[in-house]
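# Overview (structure and organization)
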Amino acid sequence: MTVRKPITLQTLKAVAEELAGQPVSDEKAALHAEIFENIMLMIERLRGLPIKDVEPAVIFRPVERPGDDSP
Amino acid sequence: MSDITEHSIAQLSQAYRDKSLSPVAAAEAYLQRIAAHNDKVNAFVTLRADDALAEARQAETEIAKGAWRGPLHGIPIGHKDLYQTAGIRSTAGSKVLENHVPTEDATAVARLKQAGAVLLGKLNTHEFAYGPTNDSSLFGPCRNPWDTKRFSGGSSGGSGAAVALRLCAGATGSDTGGSIRMPAACCGITGLKPTYGRASRAGIYPLCWTMDHAGPLTRSAEDAALLFQPMAGPDGRDAAAAERPVPDFAGALDGDIKGLKIGLPTPYFFDRAQPEIETAARAAIAVLEGLGAEVREVDIAHIDYAAAAAMVIYLSEGTAYHDDRFATIGELYTDQVRLFLELGNYILAKDYLHAQRYRTLLGHAMADVLAEVDVLAMPALPLTAQPLGQESIEIRGQTESVFGAILRNTEPFDLTGLPALVVPCGIAADGLPMSLQIVGRPFDEAGVLKVGHAFQQASNWHTLRPPE
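An account of the accompanying structure is given in this report. (Residues numbered from 1 in each chain as written. Chains lettered and ligands numbered in written order. Predicted model: local features only at pLDDT ≥ 70, side-chain atom pairs only at ≥ 80, totals over all residues. Heavy atoms only, no water.)

### Remarks on the overall build of chain A
Each helix and strand in chain A was counted, giving two helices and zero strands. Its C-alpha radius of gyration of 20 Å places chain A more than 25% over the 11 Å reference for a compact globule of 71 residues. In terms of overall dimensions, chain A has C-alpha extents of about 60 × 35 × 15 Å along its principal axes. Looking at chain A as a whole, 27% of its 71 residues are labelled buried. Long-range contacts, defined as pairs at least 24 residues apart, comprise 48% of the intrachain contacts of chain A with a sequence gap of at least 6. Surface accessibility of chain A: about 5500 Å² in total, with carbon and sulfur atoms responsible for 57%. The positive charge centre, built from 9 side chains, and the negative charge centre, built from 12, are 5 Å apart in chain A. (Helix = DSSP H or I, 4+ residues; strand = E, 2+ residues; numbered from the N terminus. Rg over C-alpha atoms; globule rule 2.2 N^0.38 Å. Buried < 20%, exposed > 50% of the residue type's maximum accessible area, 1.4 Å probe, protein only. Contact = heavy atoms within 4.5 Å. Areas by Shrake-Rupley, 256 points an atom, 1.4 Å probe, with all protein chains shown as cover. Lys, Arg positive; Asp, Glu negative; His and termini not counted. Charge placed at Lys NZ, Arg CZ, Asp CG, Glu CD.)

### Some details on the side chain of B:Asp175
All names here are of chain B. One can find Asp 175 in strand S6 (residues 170–175). Of the polar contacts made by the side chain of Asp 175, one reaches the backbone nitrogen of Ile 180; its length is 3.1 Å. At 2.9 Å, the side chain of Asp 175 forms a polar contact with the side chain of Arg 181. Setting aside residues no more than four positions away along its own chain, Asp 175 makes contact with Ile 180, Arg 181, Lys 193, Met 211, Asp 212, His 213 and Asp 414. (Polar contact = N/O pair within 3.5 Å; in protein donor to acceptor, adjacent residues only side chain to side chain.)

### Concerning unusual backbone geometry
All names here are of chain B. The residue after Gly 154, namely Ser 155, is reached through a cis peptide bond having omega 10°. Considering the arrangement of structural elements, one finds Ser 155 in the loop between strand S5 (147–151) and helix H5 (157–164). Positioned with a positive phi, Tyr 268 is a non-glycine residue whose angle comes to about 80°. Mapping Tyr 268 onto the fold places it in helix H8 (residues 266–269). A relative accessible area of 5% places Tyr 268 in the buried class. Not every positive phi belongs to a glycine, and Phe 443 is a case in point at roughly 65°. For Phe 443, a relative accessible area of 17% puts it in the buried group.

### Quick notes on the packing of helix H2 (residues 26–47) of chain A against helix H12 (residues 349–370) of chain B
Their axes nearest at 10 Å, the elements H2(A) and H12(B) cross at an angle of 60°. In terms of their interaxial angle, H2(A) and H12(B) are classed as oblique. Read as a crossing pair, H2(A) and H12(B) show a hand that is left-handed. Mapping the contact onto sequence places A:Ile43, A:Leu46 and A:Arg47 in H2(A) and B:Lys350, B:Asp351, B:His354, B:Ala355 and B:Tyr358 in H12(B). (Axes fitted to C-alpha atoms, helices over the stretch in contact; angles between N-to-C directions. Parallel < 35°, antiparallel > 145°, perpendicular 65-115°, else oblique. Left-handed = near helix turned anticlockwise from the far one by under 90°.)

### Considerations on the nonpolar core
All names here are of chain B. Ranked by size, the top nonpolar core spans 173 residues in total, and within it Leu 12, Ile 300, Tyr 358, Leu 376, Leu 415, Leu 436 and Leu 449 carry the most contacts. The biggest single contributor to this core is helix H10 (residues 306–329), with ten residues. Beyond its immediate stretch of four places on either side in the chain, Leu 12 contacts Ile 4, His 7, Leu 21, Ala 26, Tyr 30, Ile 75, Pro 76 and Ala 169. (Core = buried A, V, L, I, M, F, W, Y, C linked by side-chain atoms within 4.5 Å.)

### Looking at the packing of aromatic side chains
One pass over the structure, following the stated rule, counts eleven aromatic pairs over all chains. Taken together, a centroid distance of 5.5 Å and an interplanar angle of 70° make the contact between A:Phe36 and B:Tyr346 edge-to-face. With A:Phe36 in helix H2 and B:Tyr346 in the loop between helix H11 (335–343) and H12, this residue pair bridges two chains. Classification of A:Phe36 as buried rests on a relative accessible area of 2%. Both rings, one in B:Tyr268 and one in B:Phe269, keep their centres 4.8 Å apart while their planes meet at 70°; by these two values the pair is edge-to-face. Given a relative accessible area of 1%, B:Phe269 falls into the buried group. Put simply, the rings of B:Phe128, B:Tyr205, B:Phe326 and B:Tyr333 pair up and form one aromatic cluster. (Phe/Tyr/Trp six-rings, centres within 6.5 Å; stacked < 30°, edge-to-face > 60°.)

### Here we look at the sheet that holds strand S10 (residues 294–298) of chain B
The strands that make up a sheet pair up through hydrogen bonds in the backbone, lying either parallel or antiparallel. Residue and element names in this part refer to chain B. If you walk across this open sheet you meet the eleven strands as S1-S3-S2-S6-S8-S7-S14-S15-S11-S9-S10, and the pairing is mixed. Because the sheet does not close on itself, it has two edges, and the strands there are strand S1 (44–47) and S10. Across the sheet, the mean angle from the axis of one strand to that of its neighbour is 30°, orientation sign disregarded. Of the strands in this sheet, strand S7 (190–193), strand S11 (375–379), strand S14 (420–427) and strand S15 (433–439) are in contact with helix H15 (residues 445–457), which crosses S14 at around 15°. (Pairing = 2+ DSSP bridges.)

### Re the pattern of salt bridges
Per the stated rule, a full pass over the model turns up 31 salt bridges over all chains. Among the salt bridges present, the one from A:Glu44 reaches A:Arg4, with a minimum N-O distance of 3.3 Å. One end of the pair, A:Glu44, is in helix H2; the other, A:Arg4, is in the segment before helix H1 (9–19), and 40 residues separate them in sequence. Take A:Arg4: its relative accessible area is 23%, and that puts it in the partly exposed class. Measuring nitrogen to oxygen at the nearest pair gives 3.7 Å for the salt bridge that ties B:Arg282 to B:Glu297. Placement of B:Arg282 in helix H9 (residues 275–290) and of B:Glu297 in strand S10 is noted, with a sequence separation of 15 residues between them. (Salt bridge = Lys/Arg side-chain N within 4 Å of Asp/Glu carboxyl O.)

Here it is, written out as structure tokens:
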């Protein structure tokens, strides 16, 4: 189980600017922090599910084209 | 029946063949209704009157020559503006694509054209399908024909409002969290979200690649079967399209549901709905029981996590799809969609994959239940359409966001990809429609359509139309 601290405006500003390359204003980061803290509470519950051996529902399939008739 | 726009798709098709009605007369009747009533709801956002009449004349000529293409030949329809239409502006309801004219049809558009459908125009949508109310759109909000101060439901709001108001005989939509079923339920019509992979999404702007579905909105289950028939089937343009044979959906509508086992997932789906909606859904289920169905309570494990998983997937995939445009022309998006796209930047990859793992878990939980019963039945939505702009609602003493509430009963079946049909089952005290949702096993669209059709043969809720 993960343990995290509440989201801060500074964290979101840094992620938006330094990771996503889409900077946000202080005002917007404050709004995001308020909303995203609630989303994180939902995500934390999801993280608590016992699904260690469950594969994600995203299955890779090799790309095949007409004429690719390898045995 | 003197009003042509009251004909069902099946009735129109029969009338064309016995020459009691012409496709041109039908197209003209719908165009007249659009001219008279569209401004009330803002459903059609691009109209192609002359081209539609030309297509109707061509259909009339072909049918007269005996070159009948099938039950959709000459049927006037509309496409959600999320569907790309060659030579016709396709905006996705966004200023980002305000003047975009594609050169190629979406697969569904091409197949419906091939089936002979007459395209009246394009229909309003929540911007890029990223919202359940259709109040954020380049064209302004789509309004509910039962009460124009309320939302139509979204994201396929134009489709829902247009079909309910008899502005077209049927329409296409797309469904990622409920975007076919929510407007169908809010507007009192029938909507089918098929199994994930049953219908091609090629040429439909994506919201979430792993949850997007294409399907029809119509006045009845029978019409849904007819309109969906050419949309279904494999497509090399869509990697998710299943290589499965497509049954005759209309042929399955025999009305016989004797011995059908219906499961009612009371926790989550019934006990968090407005009480009168629960009552209406149970009354509809009693009708099915009266037709010989067997009803039992069931419980779907882990269902309470559905909203969290869906939220993570919407935010992750939505932001990934729009990333390039957002970086350069982000100011063109509406405030609500821009907020969602910004929030998607903060989701961790591990949480996205965790959400995708949950989908597997939920899929097994639903498969366990559907091993015991043939279909599930429940209220389509836990609330009726609310006033435009209203952000929160109290249901059974709990205050929650309108967005969260309206998605609750539909998004679990986008997560699991199961086929789901909504049919109207009552009118609430506020004058708005209430609906029942019927969910089937993977690729059993025929099964849910059969149940919906049996209900509509025994009731008349689907024949009611909004007051004018």
